[in-house]
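Residue-level listing of the chains:
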Amino acid sequence: AVTSFIITTLDSQPYPKDEQKKEEIIVLPKDQGPFYIETKAKVQGNAAVLTIGMDPFSFKERAAQQVLMQAIKEPFFSTLRTKQQTGYIVFSKAEELEKHLFDIFAVQSNTHEGRDLLARFELFIEGFLQELSKSEVPEERFENIKLALLTTLRQPPQSSTEMALLLNKMAFSYNGDFKWIDKRIKSLEELSYSEFLKSADQVLGKENKRRIAIIFTGA
């Protein structure tokens, strides 16, 4: 009824679905890469963004990705910003776009060149993986991160706006799968420590060539 009222009031027709602009994802090949895009501009500062692609979407891989990137967030920030003082803007995050998974690392710097930043990313990732099951993400921390993520996923929308955004995403981004959050919760609950370690190594390890870096050089 609300939809009919809005359409009548606005005196218009729904925007045809086949004409609606969609996000387009470049799927990086497994047997090629890493790839580099270098660009320059007459502005101050340099930057590097490294994106690492994963296998096709699965709820288990999404769960493992969330745990991994939550675990890596603080040490990446601490290493690149606090210890190495590469730049003020330093971040890493897990992305899910059009049912594709990506791990992203980025730094904006006035003191370091883009290629240098990229090398530091890879050195950090290599060291993190070497210590993954020891000091970085022992099993107890793995379980604590899982619990925190589950608490967030189980929390209902806090406003009508949040509910509308969630329903819109499930309706259009996930093709009307209104059990999407339930599936996310189930996959996270069932994720084992050994599965997490295996996924982290396969994604972040150098054997995974699905890497693309954007290197920005300022004046």
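For the structure, check the block above.
This one's a predicted model, so the numbers in the text were calculated from it and none came from an experiment. Starting from 1, residues in each chain are numbered consecutively following that chain's sequence as written. For a predicted model such as this one, the threshold for reporting local features is a pLDDT of at least 70, and the threshold for listing and counting side-chain atom pairs is 80 or more; totals across whole chains, interfaces and linings nevertheless cover every residue. In computing side-chain values, all of the structure's heavy atoms are included and hydrogens and water are not.

Visitor: Just checking my understanding: could you explain the overall build of the chain for this structure?
Guide: Strands here mean DSSP runs of E at least two residues long; helices mean DSSP runs of H or I at least four residues long; both are numbered from the N terminus. Helix and strand content of the chain: 8 helices and 5 strands. Starting at the N terminus and walking to the C terminus, you meet the elements of the chain as α-β-β-α-β-β-α-α-α-α-α-α-β. Each of the three principal axes of the chain carries a C-alpha extent, and together these read 60 × 50 × 35 Å. The buried share of the chain, reckoned over its 219 residues, is 37%. Long-range contacts, defined as pairs at least 24 residues apart, comprise 78% of the intrachain contacts of the chain with a sequence gap of at least 6. The charge count treats Lys and Arg as positive and Asp and Glu as negative. His and the chain ends do not count. Here the site of a charge means atom NZ of a Lys, CZ of an Arg, CG of an Asp or CD of a Glu. Across the chain, the centroid of the 29 positively charged side chains sits 1 Å from that of the 31 negatively charged ones. Note on exposure labels: buried denotes an accessible area under 20% of the residue type's maximum, exposed denotes more than 50%, and partly exposed covers the range between, all computed with a 1.4 Å probe on protein chains only. Pairs of residues are marked as contacts when any of their non-hydrogen atoms sit within 4.5 Å.

Visitor: Please clarify how a nonpolar patch on the surface should be interpreted in this entry.
Guide: Taken together, the side chains of Val2, Phe5, Ile6 and Leu10 make up a nonpolar region of the molecular surface, amounting to roughly 440 Å² of accessible area. One can find Ile6 in helix α1 (residues 2–10). Excluding any residue in a salt bridge, patches collect residues exceeding 30% relative accessible area, merging like charges within 9 Å and nonpolar Val, Leu, Ile, Met, Phe, Trp and Tyr side chains within 5 Å. Only the protein chains shown count as cover for residues, with accessible areas throughout obtained via the Shrake-Rupley method and a probe of 1.4 Å. By definition, a salt bridge exists where a carboxyl oxygen of Asp or Glu is found within 4 Å of a side-chain nitrogen of Lys or Arg.

Visitor: What is the right way to look at the packing of helix α5 (residues 139–154) against helix α7 (residues 180–190) in this model?
Guide: When two helices pack together, their arrangement is given by the angle between their axes and by how far apart the axes lie. As a packed pair, α5 and α7 sit with axes 10 Å apart at the nearest point and diverge in direction by 165 degrees. Accordingly, the angle class assigned to the pair α5 and α7 is roughly antiparallel. Seen from above, α5 lies across α7 with left-handed handedness. Along the contact surface, α5 presents Lys146, Leu149, Leu150, Leu153 and Arg154, while α7 presents Ile181, Arg184, Ile185, Leu188 and Glu189. Under the convention adopted here, Pro, Cys and the residues Ala, Val, Leu, Ile, Met, Phe, Trp and Tyr are nonpolar, Asp, Glu, Lys and Arg are charged, and Gly plus all remaining residues are polar. Among the residues forming the contact of α5 with α7, the class breakdown is 6 nonpolar, no polar and 4 charged. Angles here are taken between N-to-C directions and fall from 0 to 180 degrees, while the axes themselves are lines fitted to C-alpha atoms, restricted in helices to the stretch in contact. Under this scheme an angle from 65 to 115 degrees is roughly perpendicular, one under 35 degrees roughly parallel, and one over 145 degrees roughly antiparallel; angles in between are oblique. Handedness of a helix crossing follows the sense of rotation of the near helix relative to the far helix, less than a right angle counterclockwise being left-handed and clockwise being right-handed.

Visitor: Where do I start with the pattern of salt bridges in this structure?
Guide: Proximity of charged atoms lets side chains of opposite charge pair with each other. Using the criterion set out here, one finds 12 salt bridges in the structure. With a closest N to O distance of 3.9 Å, Lys30 and Asp55 form a salt bridge. Remark: Asp55 occurs in the loop between β2 (46–53) and α2 (59–83) and Lys30 occurs in the loop between α1 and β1 (35–40); sequence separation between them is 25 residues. Relative accessible area serves as the criterion here: at 30%, Asp55 is assigned to the partly exposed category. Each of Lys30, Asp55 and Arg210 takes part in a single network of salt bridges with overlapping partners.

Visitor: Sorry, what's going on with α1 here?
Guide: In an α-helix, one turn spans 3.6 residues; hence positions three or four apart end up facing the same way. Taking burial as the measure, the 9 residues of α1 include 0 buried ones, a minor fraction of the element. Following α1 by one or two positions, Asp11 adopts a phi angle in the positive range, close to 55 degrees.

Visitor: Whenever I open this one, the packing of aromatic side chains confuses me. Can you help?
Guide: To describe a pair of aromatic rings, one takes the distance between the centres and the angle between the planes. The aromatic pairing rule takes the rings of Phe, Tyr and Trp, using the six-membered ring of Trp, and pairs them if the centres are within 6.5 Å, calling planes under 30 degrees apart stacked, those over 60 edge-to-face and the rest tilted. Here the structure, examined in full by the defined rule, presents 11 aromatic pairs. Between Phe142 and Tyr193, the aromatic rings sit 5.3 Å apart at their centres with planes inclined by 55 degrees, giving tilted as the arrangement. Taken together, the positions of Phe142 in helix α5 and Tyr193 in helix α8 (residues 193–204) put the pair 51 residues apart, joining distant regions of the chain. For the pair Phe142 and Tyr193, one class covers both residues: buried. Clustering of aromatic rings is evident, with ring pairs tying together Phe76, Phe105, Phe121, Phe124 and Phe128. Sitting above the plane of the Tyr36 ring, Arg115 keeps its charged end 4.6 Å from the centroid. To sit over a ring, a charge needs its Lys NZ or Arg CZ within 6 Å of the ring centre and within 35 degrees of the ring normal.

Visitor: Which parts of the structure should I look at to understand α2?
Guide: Under the convention used throughout, the expected extent of a helix is 1.5 Å for every residue step, that is, one less than its residue count. With 25 residues, α2 extends 35 Å from end C-alpha to end C-alpha; this agrees with the ideal 36 Å at 1.5 Å per step. Maximal helix bending in α2 amounts to about 35 degrees, located at Lys73; proline Pro75 follows within four positions. One axis fitted to the seven residues ending at a residue, another fitted to the seven starting there: the angle between these axes is the bend at that residue.

Visitor: Is there a simple way to explain unusual backbone geometry in this structure?
Guide: With glycine set apart, most residues show a phi of negative sign, and most peptide bonds adopt trans. Each neighbour pair has its own omega, and for Gly33 with Pro34 the value is 0 degrees, a cis peptide bond. Mapped onto the secondary structure, Pro34 falls in the loop between α1 and β1. With a phi close to 50 degrees, Glu98 is a non-glycine residue in the positive phi region. Not every positive phi belongs to a glycine, and Lys99 is a case in point at roughly 60 degrees. Turning to its location among the elements, Lys99 is positioned in the loop between β3 (89–97) and β4 (100–109). On the basis of relative accessibility, which here comes to 31%, the residue Lys99 falls in the partly exposed class.

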